[in-house]
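For reference, the chains in residue letters:
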Amino acid sequence: MSTNNRWRYAAAVHSPEELTTLFRHRGRKVTPQRQCIFRILHQNPTHPTAESVYATAVAEMPTISLKTVYQTLNDLAEMGEISVLDLGTGATRFDPDTGGHHHLVCTSCGAVRDLFADYSGVVVPAGLEQGFEVGEAEVVFRGLCETCRAGSPAAAAGARRKGAGALLPPAGVEPTN
Ligand SMILES: [Zn+2]
Ligand SMILES: [Zn+2]
């Protein structure tokens with residue numbers, strides 16, 4: 001069992017109120033639209049796309065624009081308050097937790113969830129570094145989420161074909177194609 005604090009949730013997440021203060025301190029404009037986006041991101045386990053943040057925001061605040069959503073996400077990423085992830089789901093995902101952690105990715109619907117487990121044992125074997133000074137490993141496990149597993153057998157089979165060879169790669173190894 002690991003007692004490593006790096007894997008503890010929320011250590012790297014700022015509340016909407018803290019983000020408002022941070023934005024102001026950096027001389028950036030805080031509008032009700034931006035605060036709405038802060039709230040949507042806070043403790044959001046889905047790793048939303050910009051479009052899904054926009055869809056949620058516009059339901060609450062019809063005056064918000066997709067441009068504002070992109071600009072706010074860009075600003076947050078620049079400030080190091082969110083991580084920008086490409087997990088192979090076809091769209092950029094945004095993660096409000098910038099602390100070190102891993103991910104579960106559904107190969108059928110693209111669902112993404114955090115995985116807080118200690119893979120500090122994952123190392124590049126000696127001699128295979130290719131001149132790299134190797135840092136930490138981020139592990140992505142691909143498979144089917146609970147919803148897709150409960151779906152029709154045909155849909156599940158289709159998902160398995162699409163993700164063939166990529167369902168359960170060895171820890172830390174991305175499929176090459
Ligand atoms: Zn799924
Ligand atoms: Zn995450």
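Residues numbered from 1 in each chain as written. Chains lettered and ligands numbered in written order. Predicted model: local features only at pLDDT ≥ 70, side-chain atom pairs only at ≥ 80, totals over all residues.

A. Region of interest: the overall build of the chain. Across its full length, the chain holds 6 helices and 5 strands. Ordering the α and β elements of the chain from the N terminus gives α-α-α-α-β-β-β-β-β-α-α. Taking all 177 residues of the chain together, 19% fall into the buried category. Contacts in the chain between residues far apart in sequence, at least 24 positions, make up 55% of those at least 6 positions apart. (Helix = DSSP H or I, 4+ residues; strand = E, 2+ residues; numbered from the N terminus. Buried ≥ 20, exposed ≤ 12 C-beta atoms within 10 Å, placed from the backbone. Contact = placed C-beta atoms within 7 Å.)

B. Highlighting the nonpolar core. Judged by nonpolar contacts, the single largest core of 15 residues is most densely connected at Ile-37, Leu-41, Val-53, Ala-57, Val-69, Leu-73 and Ile-82. Mapped onto this core, the elements with two or more residues apiece are helix 1 (16-25), helix 2 (32-41), helix 3 (50-60) and helix 4 (66-78). In this view, Leu-41 contacts Ile-82, Phe-94 and Pro-96; residues no more than four positions away in its chain are not counted. Ranked by size, the runner-up nonpolar core spans 5 residues in total, among them Val-105, Cys-106, Val-112 and Leu-144. (Core = buried A, V, L, I, M, F, W, Y, C linked by C-beta atoms within 7 Å.)

C. Inspection of the pairing of strand 5 (residues 140-143) at higher detail. Judged by which residues are buried, strand 5 turns out to be one-sided: Val-140 and Arg-142 face inward and are buried, whereas Phe-141 and Gly-143, on the alternate face, are not. Where strand 3 (residues 102-106) and strand 5 come together, 4 bridges link them in parallel fashion. Within the sheet, the bridge partner assigned to Cys-106 lies in strand 5 and is Gly-143. (Pairing = 2+ DSSP bridges.)

D. Fine view of the pairing of strand 3. Here strand 3 pairs with strand 4 (residues 112-115) via 4 bridges, running antiparallel. When the bridges of strand 4 are listed, Leu-104 appears paired with Arg-113. Where strand 3 folds back on strand 4, the antiparallel hairpin that results is connected by 5 residues, among which Gly-110 adopts a positive phi of roughly 85 degrees.

E. Summary view of unusual backbone geometry. A positive phi is found at Gln-43, a non-glycine position, where the angle reads about 50 degrees. As for its placement among the helices and strands, Gln-43 is situated in the loop between helix 2 and helix 3. A tally of 12 C-beta atoms within 10 Å means that Gln-43 is categorised as exposed. A positive phi is found at His-47, a non-glycine position, where the angle reads about 55 degrees. Relative to the helices and strands, His-47 resides in the loop between helix 2 and helix 3.

F. Seen up close, the environment of His-102. Structurally, the position occupied by His-102 is in strand 3. Taking the C-alpha atoms as reference, His-102 lies 8.8 Å from Ala-137; in sequence the two are 35 residues apart. Setting aside residues up to four positions removed in sequence, His-102 forms contacts with Leu-115, Ala-117, Tyr-119, Glu-138, Val-139 and Val-140.

Any functional reading would require information beyond the geometric quantities listed.
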